[in-house]
Amino acid sequence: MDIDSPGTPDEAGSLYSLLDDTCKSIVKPFLTTKFIVTSRPSAAPGVVFGSTPTTFRRWLHAWLKVLCSQTSGPLAFAFEACRGVTFWDQPLMLYLLPYMLAEVAGQGGDGLQLIIQELTAVMQCAAGGPECHVENIELYVHCIFTQLDLLQQWVTEQQEACEKAAERAQQAAAQQAAAAGNGRAVPKIPEPQLPAFVSNVATLVNAVPIQTMAEAALRCGSYARALQFFEVHVRAKHGGGLNPAAYNGGCSSYNYDDVSFLLEVYGHLEEPDGLAGLVQLRQGGLTAADQILVAEKAGDWSEAVALYEQALAQESATARAELTAAADGKSGTGAVAADALTLAARAVAAGQTAADANTGQIHRLGVFKQQQDVTSSLALLQIVTPKGNAAAAAGGPSAIPNSVSTAVQEVLHGVSSLQIGHLRCLLQMGHYQTLLHQVDGLMARCLGGGQGFGASGALNAADIIATLGTLANNPANAGSGGQTAQWCMWQLAALGIAAAWRLGSHELLRGYLGIVEAASGAGLQRGGATDDDWEACVGYILEAAHRGSHTDVVTMIKAARQGILGLLPSIAGESYTRAYPDLMKLHMLQEIEDAWGLLQQPSAVGPLQRSRALRWPERLSLTAPVLSSRAPLLALRRQLAGLLRDNEGMGRAWLQHAKLCRSTGHQEAAETSVLEAQARSVPGALLERCRLLWDRDKGHRAVMELQLVVQQELEEEVQPNDPAVQHQRAKELLQLTEWMAAVGQGGKEVLCANYDDAIQLDSNWEKAHFSYACYLDQLYKDAKQREGKGPKSGMDRLGGRCRVRREEESPFDYLPSALSHYGESIRAGHKHILQSLPRLLTLYFEFGNRLAATKQVTQKMRSAQTQISGVMKGLVRSIPAYKWLLVLPQLTSRLCHQERDVQEFIQTLLGSIVDHFPQQALWSMTVVVKSTVRARQEIASAVIAAARRRCSDSGRRLFDLFNKLVDQLIRACMWQPPTERRTSKASAQKEFRGLCALLPLEVQVPVQALFTVDLPPGGKLPQGHRPVSTQATIAGIKDEVVVMQSLMKPKKITFIGSDGVEYPFLAKPKDDLRKDYRLMDFAGTLNALLARQPQARRRGLSLRTYAVLPLTNDCGILQWVNNLVPFKHACEEVYVKAKIYRRHSTPMQIKKMYDSHSGTRRELMDKVLSLLPPRMSKWFLSRFQDPGTWLAARLAFTRTNAAWAMVGHVLGLGDRHGENIMINALTGETMHVDFGCLFDHGLTLEVPEMVPFRLTQNVVDCFGVSGVEGTFRCAAEMTLQVLRDNKATLMTCAETFLHDPLVDWTKGSRSTITSSATATQDQENPQAKDALLVMEGRLSGTLLGVLATPTLPLSCEGQAARLIQEASDHENLGKMYIWWMPWL
């Protein structure tokens, strides 16, 4: 083969001359070689897959040869040249494959049909399940899906290019018509047609039935893809999904098999929220299989065990009924039921749904209708054992008539999937001994009697292995009874291995491993491919470690790791969640390797060295805090600790497992684990047992047991000096005191003394101070409510003759101590800072208000003032400034407090914040310095000036430059383009010369990260952690300024950071951004609270925030967030593509319908919705083509919508039209903008808003086929629960709206008012107070809906349900303003 001209290889421009020196040295010998690429015989066209047994590599090479023979385009010579090396280079084959497919398919004809046949053969085999077994079928399917994705992406690009060309042609025609003076007679451009080559490739992409591809994806473990494909299939089949906001409520006619398939997919996706929603699609209610699946995926193993036992009883009853009928010579309903069970079981075992195998027969028999509680296409129908009878095969007794169905024989002598599922639940619950007993019993039944078990019922592995060997060597048993026994014993032994190694029973472990070896015949695959294989793999490694066989341990760890890593890349490509179980397996292998390395040390390893080498606490903290992930890891650590002879480490693992089980509601497993920990005298085990008793509503017993231990510890003559022991005793005493307060045991004096003792044991423990402060706070509120409410005249039952006088309590007896302990908890840590810090300021500010309003201050109040003033001044010195930065908005809103001491405290604290964090403080206080309220402006300016004086020369320069920057930004905001010209762009160098002249400067770019205080959830700052990040400084500004075409002409300006990154901002004139700023602060606080709630954190519940910087009362800048698409534009994009919507004419047609309609608003809404069915789900399919990304984006959209909906309702947020809701085109999450319509202001509009949030048909369409059920509803309930649990914190955050004189609430003229008037304005704002009362009622569940209708207290579930119903009600949607567009 020539490489340009062989004689002149160095000629300029030749391919050889373009190579680097290393490549030239390799290629040069081939320039004069005598070898040539000979033409090879072309492969015979035909379907390669399944023609001969082969490996994936050989199949791929054979298919490429067939494709190469079909190519005739410009790339044919290149493909032919690569044929000689492709077999030895699999990456090269995968690289060439999409080009070959496109080349052959684009030509159409026989080549296209040949490819379709190949793809169909692979997909049908994969969808067929175990009966169509091909080794590593996942690799085949993954390869094909990858090629189809690439081809689909290319086809989409070509379609978009064709559509854009048609649009340009239409625009050009319109311009020509307008130039000719005939603007209305625009010639219509024909619909764009794809070239034949692209059309043929598109035919290939859509050739394989999507349902077949969904089933193949499911069987091969690509669950996100299976869900994506099957949802597309059922939406097309049924016309959509559940959608209460759509016409006729969407579709609810999903059949049994469709729902079963979706349930199976969601079960594998580990998405319990989605399962709960799909259950609503099941007609006729939940089957037993549904209930089992939901319980298992929700981790409710106790309920799952109960359901399994009920199903097993019904299965046994059915079998016995048929056995009786067969003995009588009859064929009754039991036989029919069992035959249907068998058919369905075989279908599931083959990888199909139950009805796919023989849908007509099953439904004709009516068994699914009659026995839905025991039959299903999921685990309930899958019978593990194939045909045959182990007892008969082994030569054992069998009195079963031949007429009895196979299913009944399996129930009597085999192991059904119900029994396997029941055993797996016992394993998850930690009932290992019970599991072992049941495994042994089922093994005996599989062998037709008691073979393999001694007189005591103990497992005799040798006899069982011998029996299995006899079965395997008997040719008559091939494919029948012998295979039944082997398969049953293999599964049971795998479960026995799992229980045995968790218990550390090595003798049992060896026995079960021997049974696995005998049952598998050819030996167990130890690559960790399935859960049972993994359990056996761990068992083998631990057994080898117990024997001390170094070679076996190292070899098996290496083999297991290689097996996992072989499949991990393809799994990880789908999603992190999908790959996480395999990552946990690698985690466990690493810990085995670390521990084994310590065991090989020549000398004994001490506790400190062992702890440093293993790093178990650090490694555990990095895992997901769920039982399914941590329970196997902790069980493994127990065995490793036993090998290391670390009794304390084993006990700690038991204790950690107990805590995990208790926190997840698995109390039985927690009881077993805590008893094991107590037996090893682990510190904290007794406290954990008492907490378990408390959770079981045995509070009195928990208090008594803990009180006895605490009393014994306090009576010890010599108290320990070990800080760890003291901290543990402090935890016990604090827990006892909290329980005593909860049950009303002990008076205030006793409880306060206990709190003091606990704090004395560990004075730097944050929780002790916080708990004590909360208790004192309760006493303060109680005393405050009873203050001045003594017996009134005529109400004293004794008429004033009582000779015993109760000492009157004053709230000021508790307030100083409460403030002190709140402050100490803030100083000691930050785990409770979001509760303690806002409450500290609220109590202090309330005391100041009362002090200022009291005309005659009593001696007790004066004494309290002195104590409180000293406490607060001390806290300013002792608490780090970064913690005060969390409440900067609250501090600036109370600058004009009425009480002088409080005002001085705020000024001192703000000065400290400015000293330590000038960048954050200067940006946040700008609007106060520029305030039109003179008193606020003067105080803020004084604080800034004092901080400037305390700075160095460079610091003063920063203050001066910042003031100049703000002035220039205000000018930029207020700048308007000349009215005589309509422009969309401007030049910063020309229009904002003053701003450009200032740059660069040392002011940091005001992005949201600059104002976010990062406090890790652990409560302590790790070494080297910076809670406040440093951002790039403003180095320049981009010359291009984009002018928006809205009324006020906001401008997009782009700063260039010192890191070279562009930071865009939106400069808004004539708009008060203080509400937006306060709401972003509220959202930031809520995000921190959501991150501290495990369930919410696991689901990623949060509100997308961005920096809002009001510069004056009527202008400011906002951080521009890239990759956002307005919801309205996304909806219109989908409708336009579907050719059922025109951006300008369709809304006007709908307006005519509104104007001419005379019926009810519900009828009007239904009429409009019937013309525009929901289509927004197609937008997600087109934007997020990768299945894993698509699923993650949809979940993010659903959950962020739910979070914003609940927060918006609580705050009375309105004006949620389609351009105020943005979709992130990269992540799918939603982001809201424009918060001017807060606190139910929508009710004051000319057309009042009647829905609490936007839940229109296209919003719901993005949630999936289950609509608002499942993920959305669960996220909404969870968000409401977090809001309620932190009501006090959020109300304190919202009080800034009350004390900041917003434009909407300011009475009188907008001119500058005096300082004295402002000082009392906090008390003269009834609108703000009423808004906060409504917000508090909604947080309490006593005010419902847009109108804040009073109601009895609702649960979170009830409140969410009522709000969803109100938001999707067609009558309410029909009453909305027409340009709110409730039909989108």
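Note that the coordinates shown come from a computational prediction; the quantities given were computed from them, not determined experimentally.

Engineer: Hey, could you run me through empty space enclosed by the protein in this one?
Structural biologist: Empty space among the atoms can be located by rolling a probe the size of a water molecule over them. For the coordinates displayed, the defined rule picks out 17 cavities of 30 Å³ or more. When the residues that make up the lining of the largest cavity are grouped by side-chain class, the tally is nine nonpolar, six polar and five charged.

Engineer: What exactly am I supposed to notice about the pattern of salt bridges here?
Structural biologist: When the charged atoms of two side chains lie near each other, side chains of opposite charge can form a pair. Under the counting rule described, the total for this entry stands at 48 salt bridges. Between Glu271 and Arg1199 there is a salt bridge; the shortest N-O distance is 2.7 Å. Highlighted residues: Glu271 in the loop between α10 (256-269) and α11 (272-278) and Arg1199 in helix α54 (residues 1187-1211), separated in sequence by 928 residues. Since its relative accessible area comes to 10%, Arg1199 is described here as buried. A salt bridge links Glu1269 to Arg1273, with the shortest nitrogen-to-oxygen separation between them at 3.0 Å. Take Glu1269 and Arg1273: they sit in the same class, and that class is buried. Overlapping salt bridges, with partners in common, bring together Glu507, Arg510, Glu543, Arg547 and Asp552 in one network.

Engineer: Please explain the sheet that holds strand β9 (residues 1221-1224) as it appears in this structure.
Structural biologist: Strands in a sheet are paired, the pairing made by backbone hydrogen bonds, and the direction either parallel or antiparallel. Pairing is antiparallel in the open sheet, where three strands are placed in the order β8-β9-β10. What marks the edges here is a single partner per strand, and that holds for β8 (1124-1126) and β10 (1230-1232). Here the average twist between neighbouring strands, direction ignored, is 35 degrees. Strand direction decides the pairing type here: β9 and β10, joined by three bridges, are antiparallel. From the neighbouring strand, Ile1223 faces β10, where its bridge partner is Thr1230. Along the sheet face, helix α50 (residues 1127-1137) touches β8 and β9 and points at about 70 degrees away from the line of β8.

Engineer: How should I be thinking about the side chain of Ser893 in this particular structure?
Structural biologist: Mapped onto the fold, Ser893 is located in helix α41 (residues 888-893). Engagement of the side chain of Ser893 in a polar contact is seen with the backbone oxygen of Gln890, the distance being 2.8 Å.

Engineer: Is there a simple way to think about helix α2 (residues 56-70) in this case?
Structural biologist: Every α-helix winds through 3.6 residues per turn, so residues three or four apart in the chain are directed the same way. Taking 1.5 Å per residue as the helical rise, α2 with its 15 residues ought to reach 21 Å, and the 21 Å between its terminal C-alpha atoms agrees with that figure. Phe56, Trp59, Leu60, His61, Trp63, Leu64, Val66, Leu67 and Cys68 are the residues of α2 that are buried.

Engineer: I would appreciate a short explanation of the packing of aromatic side chains in the present structure.
Structural biologist: Taken as a whole, this structure holds 30 aromatic pairs when the rule is applied. When the ring of Phe56 is compared with that of Tyr140, the centres are 5.3 Å apart and the planes differ by 80 degrees; the resulting orientation is edge-to-face. Residue Phe56 is found in helix α2, and its partner Tyr140 is found in helix α6 (residues 137-179); the two are separated by 84 residues along the sequence. With respect to burial, Phe56 and Tyr140 carry one shared label: buried. Ring geometry for Phe1197 against Phe1263: centres 6.0 Å apart, planes inclined by 50 degrees, an arrangement best described as tilted. Pair noted here: Phe1197 is in helix α54 and Phe1263 is in the loop between α55 (1257-1261) and α56 (1271-1285), with a separation of 66 residues, a long-range link. Owing to a relative accessible area of 1%, Phe1197 belongs among the buried residues under this scheme. Exposure remark for Phe1263: the relative accessible area of 5% places this residue in the buried category. Among the aromatic residues, ring-to-ring pairing joins Trp1179, Phe1180, Phe1184, Phe1197, Phe1263 and Phe1272 into one connected group. Above the plane of the ring of Trp654 lies Arg638, whose end atom (NZ or CZ) is 3.6 Å from the centre.

Engineer: What should I look at first to understand a nonpolar patch on the surface in this one?
Structural biologist: A cluster of nonpolar side chains, namely Met1148, Val1247, Tyr1377 and Trp1379, defines an oily patch on the protein surface of about 350 Å² accessible area. Mapped onto the elements of the fold, Val1247 is located in the loop between β10 and α55. Residue class for Val1247 comes out partly exposed when judged on its relative accessible area of 30%.

Engineer: Whenever I open this one, the pairing of strand β7 (residues 1115-1119) confuses me. Can you help?
Structural biologist: For a regular strand, side-chain orientation follows a simple rule: the groups alternate between the two sheet faces. Buried residues dominate β7, accounting for five of its five residues. Of the pairings in the sheet, the one linking strand β5 (residues 1062-1069) to β7 comprises five bridges and is antiparallel in character. From the neighbouring strand, Pro1069 faces β7, where its bridge partner is Cys1115. Summarising the sheet, strand β6 (residues 1108-1112) and β7 pair through four bridges and their orientation is antiparallel. Paired with Leu1109 across the strands is Ile1117, a residue of β7. Adjacent in sequence and paired antiparallel, β6 and β7 are bridged by two residues.

Engineer: Sorry, what's going on with unusual backbone geometry here?
Structural biologist: One can expect most non-glycine residues to show negative phi and most peptide bonds to be in trans. Omega for the peptide link from Leu999 to Pro1000 comes to 0 degrees, which places this bond in the cis form. Mapped onto the elements, Pro1000 comes out in the loop between α47 (993-998) and β2 (1034-1037). In this structure, Asp697 is a non-glycine residue whose phi angle is positive, near 65 degrees. Position of Asp697 relative to the elements: it lies in the loop between α32 (685-695) and α33 (699-714). With relative accessibility at 73%, the residue Asp697 sits in the exposed group. Its identity as a non-glycine residue notwithstanding, Lys1049 has a phi of 55 degrees, on the positive side. Here Lys1049 lies in the loop between β3 (1040-1043) and β4 (1051-1057).

Engineer: Explain helix α38 (residues 833-853) here, please?
Structural biologist: Helix length check: α38 (21 residues) gives 30 Å between terminal C-alpha atoms against 30 Å at 1.5 Å per residue, within 8%. Counting buried residues in α38 gives 16 out of 21 residues, a clear majority hidden from the surface.

Engineer: What am I meant to see in the environment of Gln1281 here?
Structural biologist: Looking at the secondary structure, you find Gln1281 in helix α56. For the pair Gln1281 and Glu1357, spaced 76 residues apart in the sequence, the C-alpha separation amounts to 9.1 Å.

Engineer: Looking at this structure, I do not really get the nonpolar core. What am I missing?
Structural biologist: Burial of nonpolar side chains together is a common tendency in soluble globular proteins. Counting 294 residues, the largest nonpolar core has Trp59, Trp884, Phe1180, Leu1255 and Trp1383 as the members making the most contacts within it. Beyond its immediate stretch of four places on either side in the chain, Trp1383 contacts Tyr1135, Ile1150, Tyr1154, Met1165, Val1168, Leu1169, Leu1172, Gln1257, Asn1258 and Ile1378. One finds Met556, Ile557, Leu589 and Ala595 within the second-largest nonpolar core, a separate group that totals 85 residues.

Cut-offs applied
Residues numbered from 1 in each chain as written. Predicted model: local features only at pLDDT ≥ 70, side-chain atom pairs only at ≥ 80, totals over all residues. Heavy atoms only, no water. 1 Å grid on protein atoms, 1.4 Å probe; cavity = no way out; pocket = protein on both sides within 12 Å on 5 of 7 lines; lining within 4 Å. Points joined across faces, edges and corners; volume = space filled by probe spheres on them. Nonpolar A, V, L, I, M, F, W, Y, C, P; charged D, E, K, R; others polar. Salt bridge = Lys/Arg side-chain N within 4 Å of Asp/Glu carboxyl O. Helix = DSSP H or I, 4+ residues; strand = E, 2+ residues; numbered from the N terminus. Buried < 20%, exposed > 50% of the residue type's maximum accessible area, 1.4 Å probe, protein only. Pairing = 2+ DSSP bridges. Axes fitted to C-alpha atoms, helices over the stretch in contact; angles between N-to-C directions. Contact = heavy atoms within 4.5 Å. Polar contact = N/O pair within 3.5 Å; in protein donor to acceptor, adjacent residues only side chain to side chain. Expected span 1.5 Å × (residues − 1). Phe/Tyr/Trp six-rings, centres within 6.5 Å; stacked < 30°, edge-to-face > 60°. Lys NZ or Arg CZ within 6 Å of the ring centre and 35° of its normal. Patch = residues over 30% accessible without salt bridge, like charges linked within 9 Å, V, L, I, M, F, W, Y side chains within 5 Å. Areas by Shrake-Rupley, 256 points an atom, 1.4 Å probe, with all protein chains shown as cover. Core = buried A, V, L, I, M, F, W, Y, C linked by side-chain atoms within 4.5 Å.

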